[in-house]
Amino acid sequence: MDFPELQRRLRAAGHDAHLAYDGRRDPFLAHLPAEHRARGGYCRGAWNLYPLDGGRYAVTLRELYRPSRYPPDTTGPEPAEFDTEQEACAYLWEAVAAQSPPEGTRDLAFGELPGPVAGWIRDCGFEPGRTLFGNPFVATLPSGSVRLSRVGDAYELRRRSDFPPTVGEAVYSTPVWEDVCRVLMSLAGDARAPGPLGSPRVGFAPGVPGPERARRLAGAGYADIARAYEDGRGGPLLDVLAEGAAVDLATPEILRRAEAAGLPAYPYGDGCSITFGYLEERYRLSRTGDGHVLERGRERENTYSVLAGPTDLEEVRALLLRHLGG
């Protein structure tokens, strides 16, 4: 059997097919140069199939082509070498079968999700468009793809890094279908693009584990979770992670000129200010108890210098327009 057939057999037998990897066939690496992909690739946590010189193959847990500035990878046993891909895949079968019991894993597809959950993921822009060797995902986030698997008697969410590839670790595991769907919705909600300018950012802070997400969302309907993200109020389900920018301090002309100058308005703030630009140059227009202030920050500077104020709002708006040019 070659690698595609190996993947089909692993899925049919209920083994975890993600534990066998061939970088030459990884669709998430399609952006890399062809000569790079031809050398195979490395997926952390998986048994990797590498083509070698002379038409031979290696199977290993190690990263064979690690940059020379790093020490050699010594993970697991020494690489096993074979004359043909078929022999290498037979070894891969034994390695994965020893690590993942038969009939123990089944990945669920996007179409198996409840309608409101799939709709929310689609609305967030994360409907999966690709499989990995035929193995489905339920979401493709900016940070990587999300697997939802039936593992024994439990449902397991696992977040995979697509580049550089890693099998990833379980985010959450539970026998309760509704709970795993709620946590999945929160992963998509936290990664969605900012709402309209001035909207707060709500969700879970980075690093909040799956069990804590499930505890907070317990008993909530799927529509309630989506509504909590969309209305920006947070409430008992979600935290307000950042207030929206004080968009009322700007004018449509300021917003247009800032965008044209490459200094778009930053979507979040403290509710009393709006910032234009991110790195090299930044302008901050703030409301204070004594009036309005315009400040400027530059790259590698952690503080702002005051350009005007406290003074009248129209005065600092006019000064900001002069700095934005156009």
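Residues numbered from 1 in each chain as written. Predicted model: local features only at pLDDT ≥ 70, side-chain atom pairs only at ≥ 80, totals over all residues. Heavy atoms only, no water.

A. Structural context of a nonpolar patch on the surface. Residues Tyr 266, Tyr 278 and Leu 279 make up a contiguous nonpolar surface patch of about 320 Å² in total accessible area. Inspection of the secondary structure puts Tyr 266 in the loop between α8 (252-260) and β13 (268-269). Residue classification places Tyr 266 among the partly exposed positions, given a relative accessible area of 36%. (Patch = residues over 30% accessible without salt bridge, like charges linked within 9 Å, V, L, I, M, F, W, Y side chains within 5 Å. Areas by Shrake-Rupley, 256 points an atom, 1.4 Å probe, with all protein chains shown as cover. Salt bridge = Lys/Arg side-chain N within 4 Å of Asp/Glu carboxyl O. Helix = DSSP H or I, 4+ residues; strand = E, 2+ residues; numbered from the N terminus. Buried < 20%, exposed > 50% of the residue type's maximum accessible area, 1.4 Å probe, protein only.)

B. How the structure looks around the packing of aromatic side chains. What the rule picks out here adds up to 10 aromatic pairs. Look at Trp 47 and Tyr 91: their rings are 6.4 Å apart centre to centre, the planes differ by 80°, and that puts the pair in the edge-to-face class. Of this pair, Trp 47 sits in strand β2 (residues 47-51) while Tyr 91 sits in helix α3 (residues 85-99), and the two are 44 residues apart along the sequence. What makes Trp 47 buried here is its relative accessible area of 11%. Judged by centre distance (5.5 Å) and plane angle (80°), the rings of Tyr 50 and Tyr 65 are edge-to-face. You can see Tyr 50 sitting in strand β2 and its partner Tyr 65 sitting in the loop between β3 (57-60) and β4 (80-82), a full 15 residues away along the chain. (Phe/Tyr/Trp six-rings, centres within 6.5 Å; stacked < 30°, edge-to-face > 60°.)

C. Examining the sheet that holds strand β14 (residues 273-276) more closely. Spatially, 4 strands are ordered β14-β15-β16-β17 in an open sheet, and the strand pairing comes out antiparallel. Strands with a single pairing partner mark the edges of an open sheet, and in this sheet they are β14 and β17 (305-311). Strand-to-strand, the axes of this sheet are offset by a mean angle of 10°, without reference to chain direction. With 4 bridges connecting them, β14 and strand β15 (residues 281-288) associate as antiparallel partners. Across the sheet, residue Ser 273 finds its bridge partner in β15, namely Ser 286. (Pairing = 2+ DSSP bridges. Axes fitted to C-alpha atoms, helices over the stretch in contact; angles between N-to-C directions.)

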